[in-house]
Amino acid sequence: MDLRRPPRSTSGGVEPKIRQVGFVTPDVSGPSELPAVAAAAALQPGPADGSPPASDLSPVMIPPPRHADHLSPGSPPASEAILASSAPQPSSMRFDAASELGDDDSRSMAPSAGELETNKGDLADTQNEGAPVSISQKQKPSKAERRAIQEAQRAAKAAAKEAGLSGKSTGAPSGANPAVSKQAKSAKASQKKDVPPAVSTVTSEKKVTERLPERDRKKDAPHPRMQHLPQYVHGTQLPDLESKFFQLEPIHPSVYKVGLHYLSGEVSGGNGRCIAMLLSFREAIKDYSTPPNKTLSRDLTAKISSYVSFFIECRPLSISMGNAIRFLKNRIAKLPLTLSESEAKASLQSDIDRFINEKIVVADQVIVSHAITKVRDGDVLLTYGSSSVVEMILDHAHKLGRKFRVIVVDSRPKLEGQGLLRRLVAKGINCTYTHINAVSYIMHEVTRVFLGASSILSNGTVYSRVGTASVAMVAHALGIPVLVCCEAYKFHERVQLDSICANELGDPDVISKVPGRADLDHLKNWTDKENLQLLNLTYDATPSDYVSMIITDYGMLPPTSVPVIVREYRKEQLWV
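Residues numbered from 1 in each chain as written. Predicted model: local features only at pLDDT ≥ 70, side-chain atom pairs only at ≥ 80, totals over all residues. Heavy atoms only, no water.

Caption draft 1: Spotlight on helix α11 (residues 296–314). Helix length check: α11 (19 residues) gives 27 Å between terminal C-alpha atoms against 27 Å at 1.5 Å per residue, within 8%. Of all the residues in α11, the buried ones are Leu-296, Asp-299, Leu-300, Ile-304, Tyr-307, Val-308, Phe-310, Phe-311 and Cys-314. (Helix = DSSP H or I, 4+ residues; strand = E, 2+ residues; numbered from the N terminus. Expected span 1.5 Å × (residues − 1). Buried < 20%, exposed > 50% of the residue type's maximum accessible area, 1.4 Å probe, protein only.)

As structure tokens, this is what we get:
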């Protein structure tokens, strides 16, 4: 409370009520000593940090009532009543209490006019020092200006790097390296600051004008669909392959021949492509000779890898081909070092022959022996496309004298079912041919569905030619059993839920043309239309829910048992 302020009783107002907080000792001296205590407290300096002591007795101000009518006319003034009711302190503790009260009074004391001016000046200086730059003073640079700054920074960085390389080439001593680096940094900073914005803007505009023709060229080329998949480039593949045939390390003629057959489509099907690849490897191993200062296992593995790269350029590998390649590389890595070159080559050739015989030829015979038990007299069997193992099943059932009818479902653009239909009719089997758009109509006559597969994944998904999932879905909806015939070497530990993550793109031109119908030529110049893209997928993924049974050389099993087959193959270490 400011002691210099005149009492409010003189102005006729109502004095505020003051309540003393804390424990005090009563004194007989009375309120007449309070001015002396306050005067002594004024002489006591406050704490340096401005914080009150722990035993501080701070007065609490109670505001006066708005109306003083409730006060009795004979009551003393409020200040005299409170001073009279407040207990004074004893003489021994009077100085300490006065000092504590003086601290409060000094803190509550109003500053003088000179102090107010000084505080205002300090506050203004502090605000001026810590105030940020206003937004109107600092404008946000445009996109062209930012690009120009980036180009200038890159040029400065390249110049500094060249300067550093030239300094190193002159053979400066190692002790001068820190100084040189500091000078380079300072020069780099000065270059960034000294670059005029007009010059950098001109350079950025030049770069933009240089990029415009490239963008126009990109617009001219058709935008590929599904860029994560290997794109179909049939028109430019053959000249590139011919040029690679005459490189310093030429490809073996048998490998080159098989690759061209892949490219032209003369060799197709999972088993046919795998057998052709292994036979070409067999010929290449037969003609192989270890170079000097090299080991057979490492050099031959590199050769096989180069052949595989050539096959991939001709056509992406199937899953069964990948398993066969892993099997061969595993055999090469496990060759004993004590074997001579001729013995190692003979061992590898016998391994390839054994793989083809056991995992493809004999496996198909075992599958036929299991599947023939599911063919009965009077059955109507439906198949899609052309599967070699399904054809063997139908042929064997016909030789056993079973009376059945076959419905061959086909689809564009490959029309593989026509070749199967021709061979079955030549053998005297009763057949019906239709396209996949009529499968929901013809499915009501079917008793069983036999399908082939390119691979079976560990979650039971069947990876086969596109259209297989539609046939299996219609059969599952009508409650017709779907039997998938697949060799165990085609099983893979991969999991796939759709046919978008991994697939093979075919020629988009073949789906734009209808054979024998020149009038249906509406998509003749489809490449000239920027808003038109053609998608020709080769495979699709059939969920395991649509598959009733999988027939393999290990027996007949449900789709949920596919991981067991994969684990057994890992134990045998045949293709992993």
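Having seen the model, we can carry on.
Caption draft 2: Region of interest: the packing of helix α10 (residues 270–286) against helix α12 (residues 319–333). Packing of α10 against α12 brings their axes to within 9 Å, and their N-to-C directions diverge by 30 degrees. Comparing the axis directions of α10 and α12 gives the class roughly parallel. Here the hand of the crossing between α10 and α12 comes out right-handed. Seen from α10, the contacting residues are Gly-270, Arg-273, Cys-274, Met-277, Leu-278, Phe-281 and Ile-285; seen from α12, they are Ser-320, Met-321, Ala-324, Ile-325 and Leu-328. Here the contact of α10 with α12 is built from residues that sort into nine nonpolar, two polar and one charged. (Axes fitted to C-alpha atoms, helices over the stretch in contact; angles between N-to-C directions. Parallel < 35°, antiparallel > 145°, perpendicular 65-115°, else oblique. Left-handed = near helix turned anticlockwise from the far one by under 90°. Contact = heavy atoms within 4.5 Å. Nonpolar A, V, L, I, M, F, W, Y, C, P; charged D, E, K, R; others polar.)

Caption draft 3: The arrangement of the sheet that holds strand β4 (residues 404–410) in detail. Spatial strand order, β5-β4-β3-β6-β9-β12-β13: seven strands in an open sheet with mixed pairing. In this open sheet, the two strands that pair with only one neighbour each are β5 (430–435) and β13 (555–557). Taken pair by pair, the neighbouring strands of this sheet meet at an average axis angle of 25 degrees, ignoring direction. Pairing analysis gives three bridges linking strand β9 (residues 482–485) to strand β12 (residues 549–552), with the strands arranged parallel. Within the sheet, the bridge partner assigned to Leu-483 lies in β12 and is Met-549. With respect to the sheet, helix α13 (residues 341–371) is in contact with β6 (448–452), β9, β12 and β13, its orientation differing from that of β12 by roughly 135 degrees. (Pairing = 2+ DSSP bridges.)

Caption draft 4: Region of the structure containing the environment of Leu-317. The residue Leu-317 is located in the loop between α11 and α12 in this model. Residues Leu-317 and Glu-504, spaced 187 residues apart in sequence, show a C-alpha to C-alpha distance of 9.2 Å. Setting aside chain neighbours within four positions, we find Leu-317 in contact with Arg-273, Val-308, Phe-311, Ile-312 and Ile-325.

Caption draft 5: The arrangement of the packing of helix α9 (residues 253–264) against α10 in detail. At a closest axis distance of 8 Å, the pairing of α9 and α10 adopts a crossing angle of 160 degrees. When the axes of α9 and α10 are compared, the pair comes out roughly antiparallel. Pair α9 / α10 crosses with left-handed handedness. Residues Ser-254, Val-255, Val-258 and Tyr-262 of α9 touch α10, and the partners they reach there are Arg-273, Ala-276, Met-277, Ser-280, Glu-283 and Ala-284. In terms of residue class, the contact of α9 with α10 is made up of six nonpolar, two polar and two charged.

Caption draft 6: The packing of aromatic side chains, seen in detail. On inspection of all chains with the given rule, the structure shows eight aromatic pairs. Both rings, one in Tyr-463 and one in Tyr-539, keep their centres 5.0 Å apart while their planes meet at 25 degrees; by these two values the pair is stacked. Of this pair, Tyr-463 sits in strand β8 (residues 462–465) while Tyr-539 sits in strand β11 (residues 539–542), and the two are 76 residues apart along the sequence. An aromatic cluster is defined as three or more aromatic residues linked by ring pairs; in this entry it consists of Tyr-256, Tyr-262, Phe-281, Tyr-307, Phe-310 and Phe-311. Between the NZ or CZ atom of Arg-273 and the centre of the ring of Tyr-262, over which it lies, the distance is 5.4 Å. (Phe/Tyr/Trp six-rings, centres within 6.5 Å; stacked < 30°, edge-to-face > 60°. Lys NZ or Arg CZ within 6 Å of the ring centre and 35° of its normal.)

That's the geometry; what it means functionally is another story.
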